[in-house]
Amino acid sequence: MIDLVLIGLTRFLVGGHAHWVGTVPQERQRIYFANHGSHLDALLLWSALPRELRATTHPAAAQDYWGTGTVKRFLAQKGLNAVLVDRSRSSTSGDALAPLRKVLAEGRSLILFPEGTRSGNRMPGPFKSGLYRLAMEFPSAELIPAYLDNPARALPKGTFLPLPIICRTHFGAALEPVEDGGKEQFLERARAAVAALAPPVEAMS
Amino acid sequence: MAALDKSLILFGVVSALLVIASLIGAVLARRVTSEAGVATVANLNARIRSWWVMVAIFAACSILGFTATLLLFALTSFYTLREFVSLMPTQRADHVPLAAAFYVLLPLHYWLVWIDWYGLFTILIPVYGFLLLPSLSSLQGDPANFLSRISRIQWGVMLTVYCISYAPALVLLQIPGFEGQGFLLLFFLTAVVQLSDVMQYVFGKLLGKTKIAPVISPSKTVEGLVGGGLSAVAAGAALWWITPFSPWAAAIMACITVIAGFLGGLSLSAVKRSMGGQGLGNHGAGARRRARPHGFSELCGSGLLPPDPLLLHLTRGFPGHAQTDPSWIGQGAARKEPGFGDSLGPPCQQPSAW
């Protein structure tokens, strides 16, 4: 019920419709990875998925934002089915990924934001290594890049109310699985795949 | 004639005309083979479809009443403003004024229309909004392109909130002898504008030679404007019986509407072009808009928005004479036919029932 309300509100305010290019929604284990611009991202990507997939797809949400406050925690857990991840430096990177590993081990899908933090730029910045580690440990999960258009304008860093600005989610073709190329190459390939999905900037005055 | 009678007759006549138009369109679609012809017919059929939608919306609105209509228009304003803002380049510093426009100005303005506070809703956005929004932006401290940014925001709010809200506001007008018939006046406006648009196109195709503003709007010609405008004025005069105006007054109102629609449409074309036109109204298959007739560009391009405030102000008369003495309107309002408003009982007589 909560999820329907959340999605209804999302559609009303920011649209958040999906655009699938080179891939289709499928009932199989997937790791979706996207650029990160605002706190709306997890909600946007998740709500862009078709209903059947939403039940088994869990967005990774930052513990320090979504875990604080009863309302946000409630929305994250009951509404979004999110997995809370501890981003603080004090925990080793192995521990931070533990909740994500657990979800993948159960055969469910994940939504990740490998930049690790919100960036105000249109194009995604360098990716952290979590995606690489998870891709190595779970080779059966299909890696789907996604580009979120506009949420950084709707809810930029430091703001509280989202602006009604039309946002779209572009899903792209699955990434080739990790080869022996190594971590840096893989992460760069992943980053380029997300960047490629960005729609062209219209010339405006 | 009671409001209900007029509405039914009007609805009947318009539906009949649309059915004929749709049939013609269907026949043409099958007969025409040349490329240009196919494009023109497709255009025509799309327009006829949009008219069906408009008629359906009008019928729904007059049945549902004023509050529902106002809500519908408020939602339309919301969606069109959202589309407009999505297309303009915004900066972080614009966040607060835009949030103010969406969450404060829009509901406040529509609330003022709902309670019929004419004095304030006419100036809220053009005066207070105009002064407040830039101040909110300047508080964020970003001077880059400041004037362009605030102008765009003001323009967007004026077009999508202010102009659109005048359509339901027309319904509110209390004119002696014409109570509760505001929807008919709104229909008058829409019909004149749409007809003017189509006839300008037709005359332009048939006789058009002298272009008016070729870079901004390549299809508008003087011949098209004159021919189309005159036909629309004639149609407006013919529709005098659904308005509080006499035939002459109706013709004058129609004339003003045509001119305002044309000039407004021209400036909106210029806006579209300077914003790289492509995006307006085409915001992807995802931006489904349910029952609303087309996007921002259709609404603006048809010149439907600019005449709205003009018609409202003119119909009310000059400031100070507004509500009580619209005698300049002509014999239309003075017509006191026997049984006016009596025949169908309370619902037609009480404007508040809307």
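Provided above is the structure to which this section pertains.
Since this is a predicted model, take the numbers as computed values, not measurements. (Residues numbered from 1 in each chain as written. Chains lettered and ligands numbered in written order. Predicted model: local features only at pLDDT ≥ 70, side-chain atom pairs only at ≥ 80, totals over all residues. Heavy atoms only, no water.)

Some remarks on the overall build of chain B
At step 1: On a plain count of helices and strands, chain B comes out with 14 helices and two strands.
At step 2: Scored against the burial criterion, the 354 residues of chain B give a buried share of 49%.
At step 3: When contacts within chain B are restricted to residue pairs at least 6 apart in sequence, long-range pairs at least 24 apart make up 76% of them.
At step 4: Summed over its atoms, the accessible surface of chain B is roughly 16600 Å², and 70% of this surface lies on carbon and sulfur atoms. (Helix = DSSP H or I, 4+ residues; strand = E, 2+ residues; numbered from the N terminus. Buried < 20%, exposed > 50% of the residue type's maximum accessible area, 1.4 Å probe, protein only. Contact = heavy atoms within 4.5 Å. Areas by Shrake-Rupley, 256 points an atom, 1.4 Å probe, with all protein chains shown as cover.)

What about the packing of helix α6 (residues 124-139) of chain B against helix α7 (residues 146-172) of chain B?
Residue and element names in this part refer to chain B.
At step 1: Running from N to C, α6 and α7 cross one another at 145 degrees; their axes reach a closest spacing of 10 Å. Seen along the crossing, α6 lies across α7 with a hand that is right-handed. Facing α6, whose interface residues are Ile125, Pro126, Gly129, Phe130, Leu133, Pro134, Ser137 and Ser138, α7 presents Phe146, Arg149, Ile150, Ile153, Gln154, Val157, Met158, Val161 and Tyr162.
At step 2: Across the contact of α6 with α7, the residue classes tally to 12 nonpolar, four polar and one charged. (Axes fitted to C-alpha atoms, helices over the stretch in contact; angles between N-to-C directions. Left-handed = near helix turned anticlockwise from the far one by under 90°. Nonpolar A, V, L, I, M, F, W, Y, C, P; charged D, E, K, R; others polar.)

Description of the packing of aromatic side chains
At step 1: For the structure shown, the criterion picks out 12 aromatic pairs over all chains.
At step 2: Residues Phe12(A) and Phe78(B) carry aromatic rings whose centres are separated by 4.5 Å and whose planes lie at 10 degrees to one another, so their mutual orientation is stacked. With Phe12(A) in helix α1 (residues 2-14) and Phe78(B) in helix α3 (residues 66-87), the pair connects residues from two separate chains.
At step 3: On the numbers, 5.7 Å between centres and 80 degrees between planes, the contact of Phe78(B) with Tyr79(B) is edge-to-face. Assigned by exposure class, Phe78(B) and Tyr79(B) land together as buried. (Phe/Tyr/Trp six-rings, centres within 6.5 Å; stacked < 30°, edge-to-face > 60°.)

Regarding the environment of Gly228(B)
Residues and elements named next belong to chain B.
At step 1: With respect to the helices and strands, the residue glycine 228 is situated in helix α9 (residues 222-238).
At step 2: Considering only alpha carbons, one finds glycine 228 and valine 198, 30 residues apart in sequence, at a separation of 7.3 Å.
At step 3: Among residues more than four places away in sequence, those in contact with glycine 228 are Ser196, Met199, Gln200, Phe203 and Glu223.

Some points on the sheet that holds strand β2 (residues 30-34) of chain A
Residues and elements named next belong to chain A.
At step 1: Read across the open sheet, the seven strands follow the order β1-β7-β6-β2-β5-β3-β4; overall the sheet is mixed. The open sheet is flanked by β1 (15-20) and β4 (83-85), the only strands paired with a single partner. Looking at each pair of strands side by side, their axes are set apart by 25 degrees on average, direction ignored.
At step 2: With five bridges connecting them, β1 and strand β7 (residues 167-171) associate as parallel partners. Note on β7: the bridge partner recorded for histidine 19 is histidine 170.
At step 3: Against the sheet, helix α10 (residues 183-196) engages β2 and β6 (142-149), with an angle of about 45 degrees to β6. (Pairing = 2+ DSSP bridges.)

Some thoughts on the interface of chain B and chain A
At step 1: With 26 residues of chain B at the interface, the matching set in chain A holds 24 residues.
At step 2: At the boundary of chain B with chain A, total buried surface from both sides reaches about 2200 Å², with 58% on carbon and sulfur atoms.
At step 3: For chain B, the biggest contributors to the area lost against chain A are Arg82(B), His95(B) and Tyr103(B); these three give 28% of the whole.
At step 4: Our count for the contact surface shared by chain B and chain A stands at zero salt bridges.
At step 5: Where chain B packs against chain A, one counts 11 residue pairs in polar contact (both at pLDDT 80 or more).
At step 6: For the side of chain B that touches chain A, the secondary-structure elements that each account for two or more residues are α3 and α4 (95-114) of chain B.
At step 7: Element by element, the count of residues in the side of chain B that touches chain A is highest for α3(B), at eight residues. (Buried area = accessible area lost by both parts, 1.4 Å probe. Salt bridge = Lys/Arg side-chain N within 4 Å of Asp/Glu carboxyl O. Polar contact = N/O pair within 3.5 Å; in protein donor to acceptor, adjacent residues only side chain to side chain.)

Re a nonpolar patch on the surface
All names here are of chain B.
At step 1: There is a patch of nonpolar side chains on the surface, built from Ile9, Val13, Leu17, Ile20, Ile24, Leu28 and Leu44 and spanning about 570 Å² of accessible area.
At step 2: The greatest single-element share of the nonpolar patch, amounting to six residues, is contributed by helix α1 (residues 3-31).
At step 3: By the secondary structure assignment, leucine 44 is in helix α2 (residues 35-64). (Patch = residues over 30% accessible without salt bridge, like charges linked within 9 Å, V, L, I, M, F, W, Y side chains within 5 Å.)

Everything listed here is a matter of coordinates, which is why it stays silent on function.
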